[in-house]
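Results of the structural survey
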Amino acid sequence: MSNEAIIHGQKIAHGQHAGEHHAHEHHEQHFVWKYIFSQDHKIISRQFLVTGIFWAIVGALFSLFFRLQLGFPDSTFPVMEKFLGEWAKGGKLSPEFYYALITMHGTILVFFVLTAGLSGTFANLLIPLQVGARDMASPFLNMLSYWFFFASSVLMFISLFVQTGPAAGGWTSYPPLSALKEASLGSGIGMDLWILSMALFVVSSLLGGLNYITTVLNMRTKGMTMTRLPLTIWALFFTAVLGVLSFPVLFSGFVLLIFDRNLGTSFYLSEIFVNGHALPHIGGSAILYQHLFWFLGHPEVYIIMLPGMGMASEVISINSRKPIFGYLAMVISLISITLLAFLVWAHHMFVTGMSPFLGSIFVLLTLLIAVPSAVKVFNWITTIWKGNLRFTPAMLFALGFVSLFISGGLTGIFLGNSALDIHLHDTYFVVAHFHIVMGVSAFFGMFAGIYHWFPKMFGRFMNNTLGYIHFFITMAGAYLIFWPMHYEGVAGMPRRYYDYSAWETFRQFQSLNSFISIVAAVVFFTQFIFVINFFVSIWRGRKVTVQNPWGANTLEWTTPIKPGHGNWEGEIPEVHRWAYDYKDDGHGGDFIPQTVPLRPGEETH
């Protein structure tokens, strides 16, 4: 780093403190360049987080609307008409819009919240700070990655207001519903906007992922070998690798979908009849789209899960005051998960007429991926064992993440068996499984990260009491909502149906559906406790007065309380040890930061 760059970074850092007025105002950046088109990775992480919070509220609100329909199919809710207009005339959700709500709920939460909101926030915040870099490898591309995501968000938001309604082909958007404009109302302009939005989203993910990988490989500070990286960085690194290798496949699937919709091609269509008339599409295969989608779709599960795994490891170790158990095993398990994630996509397609022999190979690979996941669970539990536990809100959410990951993962063993999957596929068993294992647990990992690194992001603490209320209601609600769905699924109850009252078999679950909907409403409104806590704490929270409030070892806690652009005011510190030295420091403390040189006779980990 040049001396000029260091001095420039110091000036920006000096000007970052709120409320300060400087005689030399020409050193200050304009608000637009400092906070909107910023190239500072910490500001960009906040942009991703705030945008993710907005989309989380929208996506959860959609789920509340269709849960009201499922829980109380014979009732009317005038409030829905105020929000949804003609799609809920008289307070009753229309069948067409019901499917659109399910589609947008899944799209928003999987991609915009748990991919961009989670990775975009914490990869941007933590990678430069924890590897010892002043910023990302390319701050400009980093800024572009957010603005491509923002443009994607704008298009998706616009699609909610088109006359024919938003996309309604499910969050996977299988053809022919997604490939034929005349297939349904939700296959019209809303679907075109959905595809364009997702294409921009892929560009954003690729720009960010390439930046994260390059920064980790090339911009580590002196002494920061790969084996001294915190597990958060390993997890975010492999998340980026998964995205860079799998998102282009989804992009190619979208390109072919656009061709089928607008240029008369037949990549996914063959022998289609609409209103009794044959369309001129011959030779395509809807299964091809499924292959392209799920080749991204299953790595996507781990793109969502790995950041939570890394942050849970960090938070659990810090708040157990113990070194992470089996660091090398944790890294190897991350590598194994990354490799196997690309080899199991067809377990989503067991009922497509796949050869039973080929299916058995995917069963084996699917069950194998449980092994590295089990290694991580064992190591988390062993880290907690006999630790000096501190139950901060972040620690509680990290423990909740482990609990949900175990219980949700166990049900995946059922679905990974091709014989059982024939019965369970597209039932509420699948809904329950993936919501627990990659939906709610990923949110818990995200909440753990926000509560833990909030002091580094804003120089203040969030309110602990509100954090505890948020945790306990959300934790209880998660199990009360999704655990009963397993029983509905075993009974064969299919998902994505608007009304189950016509089936005597499924009518018996009506009271259970009503209960689930009530709990879902309680959990939804509980999230506003977090939202209020988050935004109020930015300006009114208790100020951080010490540089390292959690007693952590990693490099981000060696920066100023509110670091400026450049992170460190002087030289970047040198690293001498691994990230989990929780032991007697010889001065009454129980941890030794990475920057402390080895003592005489002490061996490196």
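Parameters at a glance
- Residues numbered from 1 in each chain as written.
- Predicted model: local features only at pLDDT ≥ 70, side-chain atom pairs only at ≥ 80, totals over all residues.
- Heavy atoms only, no water.
- Helix = DSSP H or I, 4+ residues; strand = E, 2+ residues; numbered from the N terminus.
- Rg over C-alpha atoms; globule rule 2.2 N^0.38 Å.
- Buried < 20%, exposed > 50% of the residue type's maximum accessible area, 1.4 Å probe, protein only.
- Contact = heavy atoms within 4.5 Å.
- Areas by Shrake-Rupley, 256 points an atom, 1.4 Å probe, with all protein chains shown as cover.
- Salt bridge = Lys/Arg side-chain N within 4 Å of Asp/Glu carboxyl O.
- Axes fitted to C-alpha atoms, helices over the stretch in contact; angles between N-to-C directions.
- Left-handed = near helix turned anticlockwise from the far one by under 90°.
- Parallel < 35°, antiparallel > 145°, perpendicular 65-115°, else oblique.
- Nonpolar A, V, L, I, M, F, W, Y, C, P; charged D, E, K, R; others polar.
- pLDDT = per-residue confidence, 0-100.
- Phe/Tyr/Trp six-rings, centres within 6.5 Å; stacked < 30°, edge-to-face > 60°.
- Patch = residues over 30% accessible without salt bridge, like charges linked within 9 Å, V, L, I, M, F, W, Y side chains within 5 Å.
- Lys, Arg positive; Asp, Glu negative; His and termini not counted.
- Polar contact = N/O pair within 3.5 Å; in protein donor to acceptor, adjacent residues only side chain to side chain.
- Expected span 1.5 Å × (residues − 1).

As a further point, take the overall build of the protein. Scanning the protein from N- to C-terminus turns up 18 helices and two strands. By the compact-globule yardstick of 25 Å for 605 residues, the protein fits well, its C-alpha radius of gyration being 25 Å. For the protein, with 605 residues in total, the buried portion stands at 58%. For the protein, contacts bridging at least 24 residues in sequence account for 77% of all contacts bridging at least 6. As displayed, the protein offers around 24100 Å² of accessible surface, 69% of which is attributable to carbon and sulfur atoms.

Moving on to the pattern of salt bridges. The final tally for this structure, using the stated rule, is eight salt bridges. For lysine 42, the salt bridge goes to aspartate 40, with nearest N and O atoms at 3.0 Å. Classification of lysine 42 by relative accessible area gives buried; the value is 5%. The partner of arginine 321 in a salt bridge is aspartate 590, with the nearest N and O atoms 3.0 Å apart. Of this pair, arginine 321 sits in the loop between α9 (286-320) and α10 (327-341) while aspartate 590 sits in the segment after α18 (510-540); the two residues are 269 residues apart in sequence, bridging distant segments of the chain. Taken together, the salt bridges that share partners define one network made up of Lys181, Asp192 and Arg261.

The axes of two packed helices give the description: the angle between them and the distance between them. For the pair helix α5 (residues 95-131) and helix α15 (residues 428-458), interaxial distance at closest approach is 11 Å and the crossing angle is 35°. Read as a crossing pair, α5 and α15 show a hand that is left-handed.

Moving on to the environment of glycine 467. With respect to the helices and strands, the residue glycine 467 is situated in helix α16 (residues 464-490). Exposure remark for glycine 467: the relative accessible area of 0% places this residue in the buried category. Glycine 467 sits 212 residues away from valine 255 along the chain, and the two C-alpha atoms are 44 Å apart. Beyond its immediate chain neighbours, meaning those up to four positions away, glycine 467 contacts Pro393, Phe397, Tyr451 and Asn533.

For leucine 257, the position within the fold is in helix α8 (residues 231-262). Between the C-alpha atom of leucine 257 and that of leucine 180, which follows or precedes it by 77 residues, the distance is 9.4 Å. Look past the residues within four positions of leucine 257 in its chain and what remains in contact with it is Ser178, Ala179, Ile195, Tyr268 and Tyr289.

Their axes nearest at 8 Å, the elements helix α13 (residues 393-415) and α15 cross at an angle of 160°. On the basis of their axis angle, the class for α13 and α15 is roughly antiparallel. Crossing of α13 against α15: the hand is left-handed. Looking at the contact of α13 with α15 residue by residue, the classes come out as 18 nonpolar, ten polar and no charged.

Time to look at the confidence of the model for the protein. In the predicted model, the protein carries a mean pLDDT of 90, and 95% of its residues have values of at least 70. Per-residue pLDDT stays below 50 along residues 1-26; that stretch engages in 29 contacts with residues further than four places along the chain or on separate chains.

Attention now goes to the packing of aromatic side chains. All chains considered together, the criterion is met by 69 aromatic pairs. Ring geometry for phenylalanine 111 against tryptophan 171: centres 6.0 Å apart, planes inclined by 55°, an arrangement best described as tilted. In this pair, phenylalanine 111 is assigned in helix α5 and tryptophan 171 in the loop between α6 (139-159) and α7 (189-218), connecting sequence segments 60 residues apart. Grouping residues by exposure puts phenylalanine 111 and tryptophan 171 together as buried. Seen in terms of ring centroids, phenylalanine 293 and tryptophan 294 are 5.1 Å apart; in terms of plane orientation they differ by 85°. Their pairing is edge-to-face. Here the two residues phenylalanine 293 and tryptophan 294 agree in accessibility, since each one is buried.

Within the element layout of this structure, serine 94 appears in the loop between α4 (78-84) and α5. Those residues in contact with serine 94 that sit more than four places away from it in its chain are Trp87 and Tyr498.

What follows deals with a nonpolar patch on the surface. A cluster of nonpolar residues, Leu367, Ile381, Ile406, Leu410, Ile413, Phe414 and Leu420, forms a patch on the protein surface that exposes about 590 Å² of accessible area. Considering every element that reaches the nonpolar patch, the biggest residue donor is α13, with four residues. Relative to the helices and strands, isoleucine 406 is located in helix α13.

For the rest of this paragraph, the subject is the side chain of aspartate 260. Along the chain, aspartate 260 falls in helix α8. Here aspartate 260 is buried and forms no salt bridge, its nearest opposite-charge partner arginine 261 lying at an N-O distance of 9.6 Å. For aspartate 260, the side chain forms a polar contact with the main-chain nitrogen of tyrosine 268, separated by 2.8 Å. Filtering out sequence-adjacent residues up to four positions away, aspartate 260 remains in contact with Ala179, Thr265, Ser266, Phe267, Tyr268 and Leu269.

The next point concerns α10. Taking 1.5 Å of rise per residue, the 15 residues of α10 would be expected to cover 21 Å, and the 21 Å separating its terminal C-alpha atoms lies within 8% of that figure. Of the residues making up α10, those classed as buried are Tyr327, Met330, Val331, Ser333, Leu334, Ile337, Thr338, Leu340 and Ala341. Buried residues belonging to α10 abut α8, α9, α11 (356-368) and α12 (370-384).

To continue, consider the environment of tryptophan 550. Structurally, tryptophan 550 can be placed in the segment after α18. Taking relative accessible area as the criterion, tryptophan 550 reaches 14% and is therefore assigned buried. For the pair tryptophan 550 and arginine 390, spaced 160 residues apart in the sequence, the C-alpha separation amounts to 10.0 Å. Setting aside chain neighbours within four positions, we find tryptophan 550 in contact with Ile318, Arg321, Arg390, Thr392, Tyr451, His452, Pro455, Phe461 and Trp557.

A cis amide bond links proline 175 with the next residue in sequence, proline 176, at an omega value of 5°. Considering the arrangement of structural elements, one finds proline 176 in the loop between α6 and α7. Even without being a glycine, serine 173 presents a positive backbone phi close to 50°. The topology assignment puts serine 173 in the loop between α6 and α7. One non-glycine residue, lysine 386, adopts positive backbone phi at about 60°. Along the polypeptide, lysine 386 turns up in the loop between α12 and α13.

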